[in-house]
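# Fold and geometry: a report
Next come the chains, spelled out residue by residue.
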Amino acid sequence: QMPVDIIFMDIQMPEMDGREACSIIKAKYPDRPIIALTANATVDDVKHYAMDGFEGHIGKPINLNELFRAINWYVL
């Protein structure tokens, strides 16, 4: 119920993967930035995430500088 400024979405989750969750969220909140968190960060993977509606991605293991950069870009 609480509005959020940015969503960091894991791609591989049980029940529903991050790509499906992103499409459901984007249908309701199209302007909400969603950043994919994933170890699957090949050029093709990243292209698919962009096509799915993700604004960006951060590879795993997560680099804190990249995380803070995304927060600064989309929130601050």
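Above this text sits the structure in question.
Described in the following lines is the structure provided in the data block. Since this is a predicted model, take the numbers as computed values, not measurements.

Rules behind the numbers
- Residues numbered from 1 in each chain as written.
- Predicted model: local features only at pLDDT ≥ 70, side-chain atom pairs only at ≥ 80, totals over all residues.
- Heavy atoms only, no water.
- Helix = DSSP H or I, 4+ residues; strand = E, 2+ residues; numbered from the N terminus.
- Buried < 20%, exposed > 50% of the residue type's maximum accessible area, 1.4 Å probe, protein only.
- Lys, Arg positive; Asp, Glu negative; His and termini not counted.
- Salt bridge = Lys/Arg side-chain N within 4 Å of Asp/Glu carboxyl O.
- Polar contact = N/O pair within 3.5 Å; in protein donor to acceptor, adjacent residues only side chain to side chain.
- Contact = heavy atoms within 4.5 Å.
- Core = buried A, V, L, I, M, F, W, Y, C linked by side-chain atoms within 4.5 Å.
- Pairing = 2+ DSSP bridges.
- Right-handed = clockwise from strand over helix to strand, strands pointing away.

### Topic: unusual backbone geometry
Residue Pro 61 is reached from Lys 60 by a cis peptide bond, and omega for that bond is 0 degrees. For Pro 61, the position within the fold is in the loop between strand 3 (56-59) and helix 3 (64-74). Of note, Glu 15 is a non-glycine position whose phi angle comes to about 75 degrees, a positive value. Residue placement: Glu 15 occurs in the loop between strand 1 (7-10) and helix 1 (18-28).

### Details of the side chain of Arg 32
With respect to the helices and strands, the residue Arg 32 is situated in the loop between helix 1 and strand 2 (34-38). At 6.6 Å, Asp 5 is the nearest oppositely charged side chain to Arg 32, a buried residue that forms no salt bridge. At 3.2 Å, the side chain of Arg 32 forms a polar contact with the backbone oxygen of Val 4. With residues near it in sequence (within four places) discarded, Arg 32 still touches Val 4, Asp 5, Ile 7, Lys 26 and Glu 55.

### Quick notes on the nonpolar core
Among the nonpolar cores identified, the biggest contains 9 residues, and these are Ile 7, Met 9, Ile 11, Ala 21, Cys 22, Ile 34, Ala 36, Tyr 49 and Phe 54. Mapped by element, the contributors of at least two residues to this core are strand 1, helix 1 and strand 2. Among the nonpolar cores identified, the runner-up in size contains 6 residues, and Ile 6, Ile 35, Leu 37 and Leu 67 belong to it.

### A short note on the pairing of strand 1
Side chains of strand 1 alternate between two faces, with Ile 7 and Met 9 buried and Phe 8 and Asp 10 left unburied. When strand 1 meets strand 2, the two strands line up parallel, connected through 4 bridges. Counted as the bridge partner of Met 9 is Ala 36 from strand 2. For the segment spanning strand 1, helix 1 and strand 2, crossover handedness is right-handed.

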